[in-house]
Structure formats: structure tokens, C-alpha cells
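Chain by chain, the residues run as shown.
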Amino acid sequence: MITALDHVQLAAPPGSEPALRTYYGEVLGMTETPKPPALAANGGLWFACGPVQLHLGIDPDFRPSPKAHPGLRVVGIAAFATRLAEHGAKVVWDEKLPGHRRFYSEDPVGNRLEFLEPIG
């Protein structure tokens, strides 16, 4: 029986850790968590925000997916969108999901991200 989603892993190209550290840590406000030494040798980064965990693994053949994405629930979505835009991230609002405000953006390597907040 599945009891929870432990984490989501996105791929990233070699050498992208500095840009990803800035984006996920400083722009999104997530906390970088140490990888176990045996996994740290592979590169990449792990981040958390409360119970939400996001891992970025290095893939030498990286190509961002135009469709696949994690959905990240936020509080104060308008301010969050403004914060991303101020850091140069593209923000594309989408009104198709009933009961939610949401937008799409991309991290520095082109991974698609969905940010959403329930209405009411």
C-alpha cells in the first residue's frame, strides 16, 4: 500500500548545480538538504520545504520535457508569481483548473513547474 509521495526528481544537465541552487534555494525559498555521500558523488542537489522534497539529478543527455512537471502548492500565488518574474522567470497563467489559481514557469534548465493555490 502506498502511503505518501516521498519526493519528485527532475533531471538537469551537468554543471547546472550553481544556477539550480540559486533558483530553488533563493528564488523559491526551499532549503538545500545534504545528499548521502554515496549519492553526492553523482552530482545534483536535493531541496525541501516542509514535507515537500524535490531532487535534481544530473543527466548527461538531459532534455527538458515540454509536458511533465511537478505541481507545487503555494500560499499567496500572486506575490509568488511576481517574485519569480522579478528574477527573470517566465510566468504563464492558466485558468483551466476549477477551484484553483495556477501558473506555469520553468527552472533555469527548462524543467516545467506548475504553481497552484486553491481558491477559497
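Numbering of residues starts from 1 in each chain and follows the order in which that chain's sequence is written. Restriction of local features to residues with pLDDT of at least 70 applies here, the model being predicted, together with a cutoff of 80 or more for giving and counting side-chain atom pairs; totals for whole chains, interfaces and linings are based on all residues. Only hydrogens and water are set aside when side-chain values are computed; all heavy atoms of the structure are taken into account.

### So, the pattern of salt bridges
What counts here: The salt bridge definition used is simple: a Lys or Arg side-chain nitrogen within 4 Å of an Asp or Glu carboxyl oxygen. Helix and strand assignments come from DSSP, with helices taken as H or I runs of at least 4 residues and strands as E runs of at least 2, each series counted from the N terminus.
Under the definition given, this model contains 3 salt bridges. The salt bridge involving R21 is made with E32; its shortest N-O contact spans 2.7 Å. Of this pair, R21 sits in helix α1 (residues 17-27) while E32 sits in strand β2 (residues 31-33); the two residues are 11 residues apart in sequence, bridging distant segments of the chain. In this structure, E114 and R102 form a salt bridge, with 3.1 Å as the shortest nitrogen-oxygen distance. One end of the pair, E114, is in strand β8 (residues 112-118); the other, R102, is in strand β7 (residues 100-106), with 12 residues separating them in the sequence. Connected via shared salt-bridge partners are D94, R102 and E114.

### Some remarks on the sheet that holds strand β5 (residues 71-73)
Put simply, the rule reads: In this scheme, strands are said to pair when DSSP sees at least two bridges between them. The convention used is that axes are lines fitted to C-alpha atoms, helices contributing only their stretch in contact, and that angles between N-to-C directions extend from 0 to 180 degrees. Only heavy atoms enter the contact rule, under which two residues are in contact if any of them lie within 4.5 Å.
Pairing in this open sheet of 4 strands is mixed, and the strands run β5-β8-β7-β6 from one edge to the other. Every interior strand has two partners, whereas the edge strands, β5 and β6 (92-94), have only one. This sheet shows a mean twist of 30 degrees between the axes of neighbouring strands, independent of strand direction. As defined by bridge partners, β6 adjoins β7 across 3 bridges and the pair is classed as antiparallel. Across the sheet, V92 pairs through a bridge with Y104, a residue of β7. The sheet contacts of helix α3 (residues 77-86) involve β6, β7 and β8, and relative to β7 the element is tilted by about 15 degrees.

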